[in-house]
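Next come the chains, spelled out residue by residue.
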Amino acid sequence: ILNVEQSPQSLHVQEGDSTNFTCSFPSSNFYALHWYRWETAKSPEALFVMTLNGDEKKKGRISATLNTKEGYSYLYIKGSQPEDSATYLCAFLGGSQGNLIFGKGTKLSVKP
Amino acid sequence: DTGVSQNPRHKITKRGQNVTFRCDPISEHNRLYWYRQTLGQGPEFLTYFQNEAQLEKSRLLSDRFSAERPKGSFSTLEIQRTEQGDSAMYLCASSMDSHGYTFGSGTRLTVV
């Protein structure tokens, strides 16, 4: 059984704080690692698709890194804003014919 | 293209009734996936189609569940003789091969 773990489960920060979350995944048969942002009543929004070991991607104040050899990815948010409040999901794709295997997510709450 | 569309958004049904959900994927996407998300969990894979062929089914998909994708376009997910444990958010996603996963907003099912 393939396991994708995310930590922490939830996080409460103040506006302006920087924060980061961890996703760990199987290091064998790696094809891609996806990050999604999911707000209540909306569809999960794709943030990053990471494929190469050492990949580092950035979108505004959000960035992510990837280590496929040890099986982990970090998501960083710089200067958190209340609109960043959401559940952040990572998903492992093992092979191009496979399907996404999700972690349980990290629920972020940013207080003004 | 308006993205992945799911209907209905919410469904409340009595235990023992049958329900059917619909997913309209992005038109040029050849793959379509169904996931289920319960409280405190990440989305769990149920099944996926490549064009009209159902290529994989999870063990979570009991014989009360059936999915179809006639003509490789929209898909339906039917649950027969619903049980309270079927209460969940049912998410649909589509992709072109293993690229560009896009999710719908989901159908929230409540079985009373």
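As a reminder, the structure under discussion sits directly above these lines.
All of these numbers come straight from a predicted model, not from anything done at the bench.

Here is what the cut-offs are and how they apply
- Residues numbered from 1 in each chain as written.
- Chains lettered and ligands numbered in written order.
- Predicted model: local features only at pLDDT ≥ 70, side-chain atom pairs only at ≥ 80, totals over all residues.
- Heavy atoms only, no water.
- Disulfide = S-S within 2.5 Å.
- Helix = DSSP H or I, 4+ residues; strand = E, 2+ residues; numbered from the N terminus.
- Buried < 20%, exposed > 50% of the residue type's maximum accessible area, 1.4 Å probe, protein only.
- Contact = heavy atoms within 4.5 Å.
- Buried area = accessible area lost by both parts, 1.4 Å probe.
- Salt bridge = Lys/Arg side-chain N within 4 Å of Asp/Glu carboxyl O.
- Nonpolar A, V, L, I, M, F, W, Y, C, P; charged D, E, K, R; others polar.
- Pairing = 2+ DSSP bridges.
- Axes fitted to C-alpha atoms, helices over the stretch in contact; angles between N-to-C directions.
- Phe/Tyr/Trp six-rings, centres within 6.5 Å; stacked < 30°, edge-to-face > 60°.
- Lys NZ or Arg CZ within 6 Å of the ring centre and 35° of its normal.

J.: Talk me through the state of the cysteines; I want residue IDs and the actual numbers.
T.: Residue and element names in this part refer to chain A. A full pass over the atoms with the stated rule returns 2 disulfides over all chains. Here Cys23 engages in a disulfide with Cys90; their sulfurs sit 2.0 Å apart. The disulfide joining Cys23 to Cys90 has a torsion of about 75° about its S-S bond and is therefore right-handed. Of this pair, Cys23 sits in strand β3 (residues 19–24) while Cys90 is found in strand β9 (residues 86–93), placing the two residues 67 residues apart along the sequence. Look at Cys90 and you get buried, because its relative accessible area is 0%.

J.: Could you give an account of the interface of chain B and chain A, with specific residues and numbers?
T.: Chain B puts 21 residues into the contact, and the matching count from chain A is 19 residues. For the pair chain B and chain A, the summed buried area comes to about 1,600 Å², and 53% of that belongs to carbon and sulfur atoms. When the area that chain B buries against chain A is broken down by residue, the three leading residues are Pro43, Tyr101 and Phe103 of chain B, summing to 33%. Counting across the interface, chain B meets chain A through 0 salt bridges. No other element matches strand β4 (residues 31–37) of chain B, which puts 4 residues into the side of chain B that touches chain A. A class-by-class count of the residues in the side of chain B that touches chain A yields 9 nonpolar, 8 polar and 4 charged.

J.: Residues and numbers for the sheet that holds strand β7 (residues 65–68) of chain B, please.
T.: Residues and elements named next belong to chain B. Strands sit in the order β1-β3-β8-β7 across an open sheet of 4 strands; the sheet is antiparallel. Of all strands in the sheet, those bounded by a partner on one side alone are β1 (5–7) and β7. The mean angle between the axes of side-by-side strands here comes to 15°, regardless of whether they run parallel or antiparallel. Sheet analysis places β7 next to strand β8 (residues 75–79), joined by 4 bridges and oriented antiparallel. Paired with Ser66 across the two strands is Glu78, which belongs to β8.

J.: Break down the pairing of β7 of chain B for me, with residues and values.
T.: The two faces of β7 of chain B differ: Phe65 and Ala67 of chain B on one face are buried, but Ser66 and Glu68 of chain B on the other face are not. Between β7 of chain B and β8 of chain B, which follow one another and run antiparallel, lie 6 residues, and Lys71 of chain B among them has a positive phi close to 60°.

J.: Go over the environment of Cys23 of chain A, please, and point to the residues and values.
T.: The exposure class of Cys23 of chain A is buried, given its relative accessible area of 0%. Spatially, the C-alpha atom of Cys23 of chain A lies 19 Å from that of Ser80 of chain A, the residues being 57 residues apart in sequence.

J.: So, the packing of aromatic side chains: which residues are in play, and what are the values?
T.: Enumeration over the complete set of coordinates arrives at 16 aromatic pairs over all chains. Ring centres 5.1 Å apart and planes at 40° place the aromatic pair Tyr72 of chain A and Tyr74 of chain A in the tilted group. Taken together, the aromatic side chains of Tyr36 and Phe102 of chain A together with Tyr33, Tyr35, Phe45, Tyr48, Tyr101 and Phe103 of chain B make up a single cluster linked through ring pairs. The ring of Phe74 of chain B is capped by Arg22 of chain B, whose NZ or CZ atom sits 3.9 Å from the centre of that ring.

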